[in-house]
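Understanding the architecture of this molecule
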Amino acid sequence: MSKDSFKPNIVAFLCNWCSYAGADLAGTSRIEYPPNVKVIRVMCSGRVNPMFVVNALQEGADGVLIGGCHPGDCHYIQGNYFAKRRTAVLKKLLEHIGIDERRVRMTWVSAAEGKKFADVIKEITEDIKKIGPMQQIRRKNNW
Amino acid sequence: MVNLNKLREEANKIVNRDDIKYIIGWEKGTYGFQVTPFFATTSDDIDKLIFSPLCIHNLTVFPMLEEKLPMRKGAEEDTRKIGLVVKGCDSRAIIQIIQEKGLNRDDLVIIGIPCTGVIDPKKINEKFPNQTKPVNVEEYEKYFIIKINGKTHKILKEELLMNKCKQCEFPNPLVYDVLIGPEIKNKGKNIYKNIESFKKKSLKEKWEYWEKQFDKCIRCYACRNVCPMCYCEECMVDQLNPQWVRRSVNVSENTAWNIMRAFHLAGRCIDCGECERVCPAGIPLVKLNKKLEKEVIEMFDYTPGLDVEEKPLLAMFKPEDPEEFIL
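Residues numbered from 1 in each chain as written. Chains lettered and ligands numbered in written order. Predicted model: local features only at pLDDT ≥ 70, side-chain atom pairs only at ≥ 80, totals over all residues.

Notes on the overall build of chain A
- Along chain A, the regular secondary structure elements total four helices and four strands.
- Along chain A, helices (α) and strands (β) appear in the sequence β-α-β-α-β-α-β-α when read from the amino end.
- Since a compact globule built from 143 residues should have a radius of gyration of about 15 Å, the 15 Å found for chain A is in line with a globular shape.
- When burial is assessed residue by residue, chain A has 55% of its 143 residues classed as buried.
- In chain A, of all internal contacts separated by at least 6 residues, the share reaching a separation of at least 24 is 80%. (Helix = DSSP H or I, 4+ residues; strand = E, 2+ residues; numbered from the N terminus. Rg over C-alpha atoms; globule rule 2.2 N^0.38 Å. Buried ≥ 20, exposed ≤ 12 C-beta atoms within 10 Å, placed from the backbone. Contact = placed C-beta atoms within 7 Å.)

What follows is the structure, given as structure tokens:
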């Protein structure tokens, strides 16, 4: 596959209260952003188990985005702080194993930031296009 | 050198108490440089108890592995305490487990041993291969005295010590009820030379290295069973619904397993090195644990297994945690 024809596959875990509403606002305000992102709604960014991320990378995602509320705005008071620690550790581990840490991203998007959501998706898509498809831990079903 | 008589004397006192189920220690093995974990239930067993530089096992796993069967009607729970012989590094595992409320400090009687380092089985088996009879190893100043077939070998400690022992910061147990022998003064310093040189490699080189390593993995989960920190009731790899990691043995699943194993030990691993010792495929698992240990110290200024009162790393947060990676 040439670099230009590569269409990255991005999985976004968005929190129900802020980021998901932010993505919704981006849609209703008709802001254009790349169609490569597949959104999965979770109740809080703190719900995102690192296993979700690893599993997404195994099953066909080239990049993973975790979206939460701004610090202090979490619907569950502190969920996004926990998510932040976890993601920081996971990124370092992936880097150590040889998987580009830019594949896993985290962002704070509030329900009023439709524009920011579109920008974030644009940036990630550009990044993943540069890095290329995920090859290392792709699950192969050879039956 | 630990005074064996003192150890047995103290153990005898403890095992004769009414509220003690058994004491977990070490006994002489059946061949070579093997030493076996040993459960002493009566004072007759106490004479078998030993401590030598071959006692490498982290005995903290055993209270965690003990199966608690459902009780018969009218039966009373056995609430007796467990005696445990620990080295410096093992005691940190206990602290970490107590911190996570996996064990209760009151349920344990801890015999602490100030440890001057244990022998790496790989290194010593390379030097003296194919030993069929149990070999006795003693410590004398800077040397290990090894007697084989009437011959006495005197070998510098540096050559045989585990890598973790060369840079051990905690030779003295941090929790204990009884301490055998005087505390050790000279302590090592934790350095991350290997990790830093590995960090400079490119992503491609790193993956080539780990792909080769993870390809060897046969997913026997020995690393999980021997780890004192791995005591979930149902491990995430055993789960069937959802099944996160498939049962097939290939690079993808092996990597997922090893990533998650290392991640679950982030901020909990006390670097006893048991996982790497038992790995039948020879995967350098400590290299993964050490990396996270280093990153956790750098990012969150957190060292596991020091304070019972502190909260586990991923169960707390500070508002000033690093966030330069956030978009």
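Still more to cover.
Here's the deal with the sheet that holds strand β3 (residues 81-86) of chain B
Residues and elements named next belong to chain B.
- Read from one edge to the other, the open sheet built from five strands follows the order β2-β1-β3-β4-β8, with strand pairing classed as mixed. With partners counted over all chains shown, the strands left at the sheet margins are β2 (35-40) and β8 (178-179), one partner each.
- Note: strand β1 (residues 20-28) against β2, six bridges, orientation antiparallel. Among the inter-strand pairings, Glu-27 is bridged to a residue of β2, identified as Thr-36.
- Contacts from helix α1 (residues 4-15) reach β1, β2, β3, β4 (108-112) and β8, with the element oriented near 155 degrees to β1. (Pairing = 2+ DSSP bridges. Axes fitted to C-alpha atoms, helices over the stretch in contact; angles between N-to-C directions.)

Some details on the interface of chain B and chain A
- Contacts between the two partners involve 29 residues from chain B, matched on the other side by 33 residues from chain A.
- Here the side of chain B that touches chain A takes seven residues from helix α10 (residues 251-264) of chain B, the largest share from any one element.
- A breakdown of the residues in the side of chain B that touches chain A according to their chemical character gives 21 nonpolar, three polar and five charged. (Nonpolar A, V, L, I, M, F, W, Y, C, P; charged D, E, K, R; others polar.)

Notes on the pairing of β4 of chain B
Residue and element names in this part refer to chain B.
- With five bridges joining them, β3 and β4 adopt parallel strand pairing. Looking across to β4, one finds that Val-85 is bridged to Ile-111.
- The parallel pair β3 and β4, bridged by helix α3 (residues 88-99), forms a crossover whose chirality is right-handed.
- Pairing analysis gives two bridges linking β4 to β8, with the strands arranged parallel. In the strand pairing of β8, Ile-111 is matched with Val-178. (Right-handed = clockwise from strand over helix to strand, strands pointing away.)

Details of unusual backbone geometry
Residues and elements named next belong to chain B.
- Omega for the peptide link from Asn-241 to Pro-242 comes to 0 degrees, which places this bond in the cis form.
- Of note in the backbone geometry, Glu-141 takes a positive phi value of approximately 45 degrees without being a glycine.
- Counting through the fold element by element, Glu-141 comes out in the loop between β5 (136-140) and β6 (143-148).
- Positive phi values are uncommon outside glycine, yet Asn-149 reaches one of about 50 degrees.
- Note that Asn-149 resides in the loop between β6 and β7 (151-156).
- Residue class for Asn-149 comes out exposed when judged on the 7 C-beta atoms lying within 10 Å of it.

Looking at the sheet that holds β6 of chain B
Residue and element names in this part refer to chain B.
- One open sheet accounts for three strands, arranged β5-β6-β7; its pairing is antiparallel. Either end of the sheet is taken by a strand with one partner, and the two such strands are β5 and β7. Across the sheet, the mean angle from the axis of one strand to that of its neighbour is 25 degrees, orientation sign disregarded.
- Here β6 pairs with β7 via six bridges, running antiparallel. The partner of Ile-146 across the bridge, within β7, is His-153.

Topic: the nonpolar core
- By size, the foremost hydrophobic cluster in this structure holds 126 residues, and its most contacted members are Val-64 and Leu-93 of chain A together with Ala-11 of chain B.
- Top contributing element to this core by residue count: helix α3 (residues 79-97) of chain A, with nine residues.
- For Val-64 of chain A, the contacting residues outside a window of four places in its chain are Val-11, Val-53, Ala-56, Leu-57, Arg-103 and Val-104 of chain A. (Core = buried A, V, L, I, M, F, W, Y, C linked by C-beta atoms within 7 Å.)

A short note on α1 of chain B
- Given a rise of 1.5 Å per residue, twelve residues ought to cover 16 Å, and the 16 Å separating the end C-alpha atoms of α1 of chain B matches this to within 8%.
- Against β1, β2, β3, β4 and β8 of chain B lie the buried residues of α1 of chain B. (Expected span 1.5 Å × (residues − 1).)

What about the packing of helix α8 (residues 203-216) of chain B against α10 of chain B?
Residue and element names in this part refer to chain B.
- Contact pair α8 / α10: the axes reach a minimum separation of 9 Å and the direction vectors enclose 95 degrees. Comparing the axis directions of α8 and α10 gives the class roughly perpendicular. Each of Glu-211, Phe-214 and Asp-215 in α8 lies in contact with α10, whose residues at this interface are Val-251, Asn-254, Thr-255 and Asn-258.
- Looking at side-chain class alone, the contact of α8 with α10 contains two nonpolar, three polar and two charged residues. (Parallel < 35°, antiparallel > 145°, perpendicular 65-115°, else oblique.)

A word on the domain arrangement of chain B
Residues and elements named next belong to chain B.
- If you check the domain split of chain B, you get domain 1 (4-67 + 77-179) and domain 2 (193-315).
- Once you take the C-alpha centre of each, domain 1 and domain 2 turn out to be 24 Å apart.
- Contributing elements (two or more residues each) for the side of domain 1 that touches domain 2: α2 (61-65) and α3.
- With nine residues, α3 is the largest single contributor of residues to the side of domain 1 that touches domain 2.
- Residues of the side of domain 1 that touches domain 2, tallied by class, amount to eleven nonpolar, five polar and four charged. (Domains from an automatic or database assignment.)

Quick notes on the environment of Val-2 of chain B
Residue and element names in this part refer to chain B.
- Tracing the backbone through its elements, the reader meets Val-2 in the segment before α1.
- Assessed through the 19 C-beta atoms surrounding it within 10 Å, Val-2 is described here as partly exposed.
- For the pair Val-2 and Lys-123, spaced 121 residues apart in the sequence, the C-alpha separation amounts to 23 Å.
- Leave out the neighbours within four places in its chain, and Val-2 touches Leu-7, Phe-51, Ile-113, Ile-180 and Gly-181.

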